[in-house]
Amino acid sequence: MDSTLKVLFVNATDAFYRIRKYKVGDFFGPVDLGLHLAGRYKSLNIGVGLLSGSIFPGSNRLIFTGFSPCWGGFYISSMGGAGLVFDNLGINMLSIVGKAPVPSVLYLNRVHGEEIQVEIAPLDLNRIWYEGRGGIYSLMDHVFDQFRPRYENEPRILATGPASMVTDFGGVASVPVKRGALSNVDTWAGRGGFGSALLQEHGIAAVIYGGTHIDEDFRDRKVADEWFENRYAMKLAAKDLEITTKYRFDPNFDTGGTFGVNYATMGSKLLAFNYQSMNWSKELRLKLQREFILDHYLKQFNEETIKTRQQATCGEPCAAVCKKLRDEYKKDYEPYQTMGPLSGIFDQRAAEKLNHHADMLGFDAISVGGVISWLMECLDAGELQPADLGVSAKPVFNPQNFDIVKDSMHNALLGCEILDSIIAGTINLKEGARKYGRRLSRAKGVNLLNRFVYTAYARKGWMVPNQYWTPGALSPMAIMGKYYMYYGDEFVTPRELGKVNAQRMLAELIIDNMGICRFHRLWAEEMVPEIVESLYGLGEKFKESIRFTASRINGRNSSVFWESERNFEYIASFLRRKKEEGLDSKEFNKWQDAFEANPKEAALDFWYEIHKGVQESLREFN
């Protein structure tokens, strides 16, 4: 195994490039090295872990690091499977500095020898984005047609869409290339706005990469099986098959994937109509879950996707086959939740229309779904008029007399209009939804902002939370929007929640810094330090590096107390739900009573208690 991390530095201004090596032990992967480079050079970094190209399933994630345009702090985003082709370049990381004078594609190819071909070519985005399939899909088609003949093996493309030009939360998209053609299996580095960073800060709209280099990757299955048998009494493949059941097919629920299993087990925890369901009675929430989700939205998914076994991987060999599809539409829980029930959409045809339009435009799907649902509620409440947003109608935003098919499609079409208004600049999100919300609230009243659920960072940073009705999703962590927090459903006292959040951050950093998919976390979090010890003799130093990296990231933590009253309701309604479920303890009752008496004061105390737990846990020297 190579004892160095090779970084290709590319200056997008003039295409000047160089390679620098970093010793394994000083740094271990794309996160700790990315943090160092971003801090020193303000670079956007794209890299793979030490195990990329190895026999370990899920080890080929492509990790993006840098300072996020929408969050404002250092951020980490990852893309499934795209690291497998990146490994063929014979490098561990691409670090981009400078800015191309016009929007361009970055071409990287390594053909046999030691040299990587680097080229920056201009793109006519205003033409490409609005022809053919549109947006990211047209851009991938254009780049593929132009550069594919130069590659001996199948390349991979990273693409941005119009959202990256006009907002701070554009994502980066990619698809595996199969049998000489672009597939329909979208993979995304969506959270954090790295598409916006790539295009606005560096002038790069797309990257195409590939090569013929063959690394000395770990391929000894016999040795790996021995490691796993020592810990789990199971071979690697068997253990991985066991822990990825949810993502493949879970016979306990007769469904699979994040969409299938999450909705099958949702119960009374459904978040719908821009979180208004949190304040409904348990009976009404269960009725909505049964009639709108189990009997329709999930039923469609199971019949059209699960029973027909329309599933794929992200581009690497993997037993999870987590990409669930219906034709060209890929179904994941969180995008089909924010641009589904959260936006008043409970029908697959309607959700497909809205999700595909958002994907085509290149948005971070979770965040834009949160923005759509927020603006829909403002329209429904009469605080905004359609003309304010450049749209033609108001939503149907009440479950009573709701026509699941007709009204879902009405809301989806309205959502598409909202997306188009964002791209046109009528809804100006160049500096983010939080700043846009503040401007609206100054003109039209604070109730507008109080309907928007987001976590805040520094002056402009914002993030729509992960779609789990639990306090951890709104925690004051240095990185939010990922699972660097605890999202279990049980009540945890806020001080303890901060400590558990910190533990989750450390565990997630282990797998991100090794470029491993979190769907394999139930073995990876335990085994990665042992693998590093076996291959490099640096297991303890690796764990020390993780703690140090977490401390450095947390040292920049500029989280801001919740600005929206809907966030207070989020916590208060969670506590009411737990009381409905029979929870009764002194500490729980104290917080439940406090939120009932004075929600804002209780929320402030709750937030700071979480913050205390985080800070005392992520100090470098404890």
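Just so it is clear, the model here is predicted, and its values are computed rather than measured.

Draft legend 1. Quick look at the overall build of the protein. From N to C terminus, the protein includes 24 helices and 20 strands. Over its C-alpha atoms the protein spans a radius of gyration of 23 Å, differing by no more than 12% from the 25 Å that the globule rule assigns to 622 residues. Evaluated residue by residue, the protein yields a buried proportion of 64% over its 622 residues. When contacts within the protein are restricted to residue pairs at least 6 apart in sequence, those whose partners lie at least 24 apart make up 67%. Element-wise, carbon and sulfur atoms account for 49% of the exposed surface of the protein, whose accessible area totals about 22,300 Å².

Draft legend 2. Structural view of the pairing of strand β4 (residues 62-67). Most of β4 is tucked away, with five of its six residues classed as buried. Sheet topology places strand β3 (residues 44-47) next to β4; three bridges connect them, and they run antiparallel. Counted as the bridge partner of I46 is F64 from β4. Pairing geometry for β4 and strand β5 (residues 74-79), over six bridges, is antiparallel. In the strand pairing of β5, F64 is matched with S77. Two successive antiparallel strands, β4 and β5, enclose a turn made up of six residues, where G72 displays a positive phi of approximately 100°.

Draft legend 3. A look at the environment of N88. Note that N88 resides in the loop between α2 (83-86) and β6 (93-97). Between the alpha carbons of N88 and L123 there is a distance of 25 Å; along the sequence they are 35 residues apart. Sequence-distant contacts of N88, that is, excluding residues within four places in its chain, are made with R110, G211, T212 and H213.

Draft legend 4. Quick look at the pattern of salt bridges. If you walk through the whole model with that rule in mind, you get 43 salt bridges. The partner of E242 in a salt bridge is K239, with the nearest N and O atoms 3.0 Å apart. Taken together, the residues E242 and K239, both in helix α8 (residues 236-243) and three residues apart, mark about one turn of the helix. For K239, a relative accessible area of 11% corresponds to the buried category. Between R290 and E291 there is a salt bridge, and its shortest N-O distance comes to 3.9 Å. For R290, a relative accessible area of 42% corresponds to the partly exposed category. Connected via shared salt-bridge partners are E304, R326, D327, K331, R349 and E352.

Draft legend 5. Geometry of helix α1 (residues 30-41). α1 sits mainly inside the fold: nine of its twelve residues count as buried. Among all positions of α1, only P30, V31, D32, L33, G34, L35, H36, L37 and A38 are buried.

Draft legend 6. Geometry of the packing of aromatic side chains. For the coordinates displayed, the defined rule picks out 48 aromatic pairs. Look at F169 and F363: their rings are 5.5 Å apart centre to centre, the planes differ by 45°, and that puts the pair in the tilted class. Of the two residues, F169 sits in the loop between α5 (162-166) and β10 (172-174) while F363 sits in the loop between α13 (348-361) and α14 (365-380), which places them 194 residues apart along the sequence. In terms of burial, F169 and F363 fall into one category: buried. Where F228 meets Y232, the ring centres are 5.8 Å apart and the plane angle is 45°; that geometry is what we call tilted. Remark: Y232 and F228 occur in helix α7 (residues 221-232); sequence separation between them is four residues, near one turn of the helix. Each member of the pair, F228 as well as Y232, carries the same accessibility label: buried. Clustering of aromatic rings is evident, with ring pairs tying together F259, Y263, Y297, F301, Y333, Y336, Y468, Y483 and Y487.

Draft legend 7. Main features of the packing of helix α19 (residues 494-513) against helix α21 (residues 539-554). Between α19 and α21, the least distance of the axes is 10 Å, while the angle of their chain directions is 115°. Considered as vectors, α19 and α21 are oriented roughly perpendicular to each other. Two packed elements cross with a definite hand, and for α19 against α21 that hand is right-handed. Between α19 and α21, the residues in contact are M505, L506, L509, I510 and N513 and F542, I546, R547, A550 and I553, respectively. Classifying every residue of the contact of α19 with α21 by side-chain character gives eight nonpolar, one polar and one charged.

Draft legend 8. Molecular detail of helix α24 (residues 599-617). The first and last C-alpha atoms of α24 sit 27 Å apart over 19 residues, in line with the 27 Å expected at 1.5 Å per residue. Within α24, burial applies to A602, A603, F606, W607, E609, I610, H611, G613 and V614. Contacts from the buried residues of α24 go to α19, α21, β20 (559-560), α22 (565-580) and α23 (586-597).

Draft legend 9. Summary view of the sheet that holds strand β2 (residues 16-23). Here we have six strands laid out as an open sheet, ordered β2-β1-β6-β3-β4-β5, and mixed in their pairing. The open sheet terminates on both sides in strands that have one partner only, identified here as β2 and β5. Between one strand axis and the next, the sheet turns through 20° on average, direction left out of account. Contacting β1 (4-11), β2, β3, β4, β5 and β6, α1 crosses the sheet at an angle of about 30° to β4.

Draft legend 10. Representation of the sheet that holds strand β17 (residues 329-331). Ordered in space as β15-β16-β17, the three strands form an open sheet in which the pairing is antiparallel. Unpaired on one side and paired on the other, β15 (311-312) and β17 mark the two borders of the sheet. With three bridges connecting them, strand β16 (residues 323-326) and β17 associate as antiparallel partners. Looking at the pairing, L325 lines up with K330 of β17.

Cut-offs applied
- Residues numbered from 1 in each chain as written.
- Predicted model: local features only at pLDDT ≥ 70, side-chain atom pairs only at ≥ 80, totals over all residues.
- Heavy atoms only, no water.
- Helix = DSSP H or I, 4+ residues; strand = E, 2+ residues; numbered from the N terminus.
- Rg over C-alpha atoms; globule rule 2.2 N^0.38 Å.
- Buried < 20%, exposed > 50% of the residue type's maximum accessible area, 1.4 Å probe, protein only.
- Contact = heavy atoms within 4.5 Å.
- Areas by Shrake-Rupley, 256 points an atom, 1.4 Å probe, with all protein chains shown as cover.
- Pairing = 2+ DSSP bridges.
- Salt bridge = Lys/Arg side-chain N within 4 Å of Asp/Glu carboxyl O.
- Phe/Tyr/Trp six-rings, centres within 6.5 Å; stacked < 30°, edge-to-face > 60°.
- Axes fitted to C-alpha atoms, helices over the stretch in contact; angles between N-to-C directions.
- Parallel < 35°, antiparallel > 145°, perpendicular 65-115°, else oblique.
- Left-handed = near helix turned anticlockwise from the far one by under 90°.
- Nonpolar A, V, L, I, M, F, W, Y, C, P; charged D, E, K, R; others polar.
- Expected span 1.5 Å × (residues − 1).

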